[in-house]
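The primary structure of each chain is shown beneath.
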Amino acid sequence: MNNKQQPNKDQELEQILKAGMKPLEEEVDDHVSQEWFEQFVLQQQKEIKAGLKRDLLLFMFIASCLLIILSLTLLKLPALFLLLQGVVFVGAVMFSSLTFFKQVKKI
């Protein structure tokens, strides 16, 4: 392919793409007001903040419950506490190993 044919093919491709996109561009309203866009962004930000607050409260509640359960277990039944610690440690090692091996297999 020589250099004279390349610009010609590029122009042909550009014309084909423009012709194909023309009906789509006619259907899409590209006249979006700035006010509507700002309102949309503000609404999305409010929804995200509300979701974050809800998630944070849920996290704090679950963390508090777990801490209470673990502290009561430690104080009342130390053997059960140590057993739970061992089970959690083994589970964490297994989970980490499986995730690591899955990532290694992807590569």
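Rules of the game
Residue positions within a chain follow its written sequence, with the count starting from 1. Side-chain atom pairs in this predicted model are given and counted only at pLDDT of 80 or more, local residue features only at pLDDT of at least 70, and totals for whole chains, interfaces and linings cover all residues. The basis for the side-chain values is all heavy atoms of the structure; hydrogens and waters are excluded. One confidence number per residue, pLDDT, is output by the predictor and ranges from 0 to 100. Per the convention used, a helix needs a DSSP run of H or I reaching at least four residues, while a strand needs a run of E reaching at least two, with both numbered from the N terminus. Note on aromatic pairs: the rings of Phe, Tyr and Trp (six-membered ring only in Trp) are paired at centre separations within 6.5 Å, and the planes decide the class, stacked below 30 degrees, edge-to-face beyond 60, tilted for the rest. Between buried and exposed lies partly exposed: a residue is buried under 20% and exposed over 50% of the maximum accessible area for its type, with that area taken using a 1.4 Å probe on protein chains only. A pair is scored as a salt bridge if a Lys or Arg side-chain nitrogen falls within 4 Å of a carboxyl oxygen belonging to Asp or Glu.

Undergrad: An account of the confidence of the model for the protein chain is requested, with residue identities and associated values reported.
TA: Looking at the protein chain as a whole, its pLDDT mean stands at 87, while 91% of the residues score no less than 70. Here helix H1 (residues 5-27) is the element of the protein chain with the lowest mean pLDDT, 83, and helix H2 (residues 34-76) is the one with the highest, 93.

Undergrad: Can you tell me about the packing of aromatic side chains, naming the residues and giving the values?
TA: Between two aromatic rings, the relevant description is the distance of the centres plus the angle of the planes. Overall, the coordinates contain two aromatic pairs when judged by the stated rule. Their ring planes at 10 degrees and their centres at 5.5 Å tell us that Trp36 and Phe40 sit as a pair that is stacked. A residue pair is termed a helical-turn pair when its members lie 3 or 4 positions apart in one helix, as Trp36 and Phe40 do in helix H2 at four residues. According to the relative accessible area criterion, Phe40 is partly exposed, its value standing at 40%.

Undergrad: Summarise the pattern of salt bridges; cite the residues concerned and give the values.
TA: All chains considered together, the criterion is met by two salt bridges. With a closest N to O distance of 3.2 Å, Lys18 and Glu14 form a salt bridge. Note that Lys18 and Glu14 are positioned in helix H1 at a spacing of four residues, about one turn of the helix. Take Lys18: its relative accessible area is 48%, and that puts it in the partly exposed class. Between Asp55 and Arg54 there is a salt bridge, and its shortest N-O distance comes to 3.4 Å. On the accessibility criterion, Arg54 (55% relative accessible area) is exposed.

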